[in-house]
Amino acid sequence: MSQSTSPKAILVPIARGIGFLLITVTGLFTAFVCQASSPDYRELFWTVAPVAVIHFIAVGIYFRLVSDGDRWVAVAIGGFAAASFGEMALRVL
């Protein structure tokens with residue numbers, strides 16, 4: 001007898017991995033770029049803002065859908081990115 005795996009059983013771990021990768025990449029990018037020196041912080045702020053918004057939305061969705069320990073790692077990355085982005089926002093204001 002052959003055993004078949006449902007498409008959902010295959011796609012769910014792949015989707016979780018892609019989501020975690022998106023959170024990691026966008027979070028580290030946001031944190032790294034927010035710490036950069038720039039002659040025009042307003043332009044840097046508005047350049048990073050869309051990536052930061054995507055990151056924060058992805059963290060919220062991931063936290064809501066995933067119920068294991070990985071979600072706390074995603075929240076930690078999100079907190080680090082939020083702190084960096086908030087610090088840059090204070091420089092702009």
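In what follows, the accompanying structure is described. Quantities reported herein were computed from a predicted structural model and do not represent experimental measurements.

Cut-offs used in this document
- Residues numbered from 1 in each chain as written.
- Predicted model: local features only at pLDDT ≥ 70, side-chain atom pairs only at ≥ 80, totals over all residues.
- Heavy atoms only, no water.
- Helix = DSSP H or I, 4+ residues; strand = E, 2+ residues; numbered from the N terminus.
- Rg over C-alpha atoms; globule rule 2.2 N^0.38 Å.
- Buried < 20%, exposed > 50% of the residue type's maximum accessible area, 1.4 Å probe, protein only.
- Contact = heavy atoms within 4.5 Å.
- 1 Å grid on protein atoms, 1.4 Å probe; cavity = no way out; pocket = protein on both sides within 12 Å on 5 of 7 lines; lining within 4 Å.
- Points joined across faces, edges and corners; volume = space filled by probe spheres on them.
- Nonpolar A, V, L, I, M, F, W, Y, C, P; charged D, E, K, R; others polar.
- Phe/Tyr/Trp six-rings, centres within 6.5 Å; stacked < 30°, edge-to-face > 60°.
- Salt bridge = Lys/Arg side-chain N within 4 Å of Asp/Glu carboxyl O.
- Axes fitted to C-alpha atoms, helices over the stretch in contact; angles between N-to-C directions.
- Parallel < 35°, antiparallel > 145°, perpendicular 65-115°, else oblique.
- Left-handed = near helix turned anticlockwise from the far one by under 90°.

## Points about the overall build of the protein chain
Scanning the protein chain from terminus to terminus reveals 3 helices and 0 strands. Reading the protein chain from its N terminus to its C terminus gives the helix and strand order α-α-α. In summary, the protein chain has a C-alpha radius of gyration of 17 Å against a globular reference of 12 Å for 93 residues, an excess of more than 25%. Burial analysis of the protein chain (93 residues in total) assigns 29% to the buried set. Taking as baseline every contact in the protein chain between residues at least 6 positions apart, the subset at least 24 positions apart corresponds to 71%.

## Structural notes on the layout of surface pockets
Considering only enclosed or pocket space, the largest pocket measures out at about 180 Å³ in volume. As for the largest pocket, its lining consists of A15, R16, G19, L22, I23, A58, I61, Y62, L65 and V66. Where the lining of the largest pocket is concerned, the elements lending two or more residues are α1 (7-34) and α2 (41-65). At 5 residues, the largest contribution of residues to the lining of the largest pocket is made by α1. For the lining of the largest pocket, a count of residues per class yields 8 nonpolar, 1 polar and 1 charged.

## Concerning the packing of aromatic side chains
A full pass over the atoms with the stated rule returns 5 aromatic pairs. Where F20 meets Y62, the ring centres are 5.9 Å apart and the plane angle is 45°; that geometry is what we call tilted. Residue F20 is found in helix α1, and its partner Y62 is found in helix α2; the two are separated by 42 residues along the sequence. Exposure remark for Y62: the relative accessible area of 7% places this residue in the buried category.

## What about the pattern of salt bridges?
Evaluation of the coordinates by the stated rule reveals 1 salt bridge. Among the salt bridges present, the one from E87 reaches R91, with a minimum N-O distance of 2.9 Å. Separated by 4 residues within a single helix, E87 and R91 lie in helix α3 (residues 70-92), roughly one turn from each other. Residue classification places R91 among the partly exposed positions, given a relative accessible area of 31%.

## Side note on the packing of α1 against α3
It is the contact of α1 with α3, at a shortest axis distance of 8 Å, that shows an interaxial angle of 25°. Judged on the interaxial angle alone, α3 and α1 are roughly parallel. Where α1 crosses over α3, the handedness of that crossing is left-handed. Within the contact between the two elements, α1 uses R16, F20, I23, T24, G27, T30, A31 and C34 and α3 uses D70, V73, A74, I77, F80, A81, S84, F85, E87, M88 and R91.

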